[in-house]
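Okay, here's what each chain looks like letter by letter:
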Amino acid sequence: MPISAYLRRLGVDQALPPTLESLRLLHRRHLATLPYENLGIMLAQTPSVDPESSLERVGEVGRAGYCLHQNAVLERVLVDLGFTVERRHGHVWTQEGDRDSPALNHLALVVSGLPTDDNRGGRWWPDVGLGEGFWEPLPLLVGEYADGPFRFAITDVRPDGWSFRNDPSGAFVGLEVTSRPTDPAAVLAAHAVLSTPPDGPFTRLLVVQRRDEDGLETVRGCVAGRIDASGHHTRDLTTYDAWLAALAAIGLSLEGFEDDDLRALFERSLAGHERWVAAGRP
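The following refers to the structure shown.

In total, this model carries twelve aromatic pairs according to the counting rule given. Ring centres of Y66 and F202 lie 4.2 Å apart, and the angle between their planes is 35°; this geometry places the pair in the tilted category. Taken together, the residues span a long stretch of sequence, with Y66 in the loop between α4 (51-61) and α5 (67-81) and F202 in the loop between α6 (184-195) and β10 (207-211) at a distance of 136 residues. You can call Y66 buried: its relative accessible area is 0%. Considering the side-chain rings of W125 and F164, the 5.1 Å spacing of their centres and the 85° angle between planes classify their relative orientation as edge-to-face. Of the two residues, W125 sits in strand β4 (residues 124-125) while F164 sits in strand β8 (residues 161-165), which places them 39 residues apart along the sequence. Accessibility assignment for this pair places W125 and F164 in one class, buried. Through a chain of ring-to-ring contacts, the aromatic side chains of W125, F134, F150, F152, W162 and F164 assemble into a single cluster.

Structural data, given as structure tokens:
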């Protein structure tokens, strides 16, 4: 039932065969339907990273969360549909000195057994948990990949992982994928680090991101933005109604949250936004 509810949420009315076409379809529909977000964490209602609970949440309220939720849900669905899937330890980094950190802050997936003329090894990297990532799964091959207004690169592929470089417009620089532990205990420990205040990075600022075929929509605190072929456009959200409208426009479900809690989060976000503006928007 949770798988059926997930597929219905994505507008898929039947089980899909484990083919590359199905993988691409699910990837696109997931990104278009379930924004990357940390709303529950910001409201001190942190969602579970248990894959089954996350899958049920998607079906019930239409929210997943961030990478440890999003890719766990996709993995659970792909396995159920008959795909061959493995998970990998990921570390997203922004400073070169942090590149080889063993900290788990991203869950990566490998789907194998889907060869094509251009990817004879048949290994693919679907990722619905990068927020500002790619629209369709990438072949696990060294190369540069044009994707709408973005340019991504896989710079190294090893038996146990790979190295990725984000588009220069992105909020992070790269991702290192290895075979370090990704068992439930490791994921739970990583989630605690990422989502527990005051130091957890997902507790500081509301971030909602949704990829589409042409670009990226973002709400970050009280700023809405879009990147596409026409450039990078932003606008400030300085009223509660404008903020709610931007969240609705990006496809974020608010089901299950109280208006008072959402309003309090907006007021905190606006206060932080005003301090940021006063400091020169550094």
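In this section: the nonpolar core. Within the largest apolar cluster, 27 residues are counted, with the highest numbers of intra-cluster contacts made by Y6, L23, L26, L78 and F83. Looking at which element gives the most residues to this core, the answer is α5, with five residues. Beyond its immediate chain neighbours, meaning those up to four positions away, Y6 contacts L26, H30, L34, L55, V58, V73, L74 and V77. Core analysis: the second largest hydrophobic core is formed by 20 residues, V208, I250, L252 and L270 among them.

In sheet architecture, strand pairing relies on hydrogen bonds along the backbone and comes in two forms, parallel and antiparallel. Spatially, β1-β10-β11-β12-β13 is the arrangement adopted by the five strands of the open sheet, whose pairing is antiparallel. The open sheet is flanked by β1 (36-37) and β13 (231-236), the only strands paired with a single partner. In terms of strand pairing, β10 meets strand β11 (residues 216-220) through five bridges, oriented antiparallel. Among the inter-strand pairings, R210 is bridged to a residue of β11, identified as E217.

About the cut-offs
Residues numbered from 1 in each chain as written. Predicted model: local features only at pLDDT ≥ 70, side-chain atom pairs only at ≥ 80, totals over all residues. Heavy atoms only, no water. Phe/Tyr/Trp six-rings, centres within 6.5 Å; stacked < 30°, edge-to-face > 60°. Helix = DSSP H or I, 4+ residues; strand = E, 2+ residues; numbered from the N terminus. Buried < 20%, exposed > 50% of the residue type's maximum accessible area, 1.4 Å probe, protein only. Core = buried A, V, L, I, M, F, W, Y, C linked by side-chain atoms within 4.5 Å. Contact = heavy atoms within 4.5 Å. Pairing = 2+ DSSP bridges.

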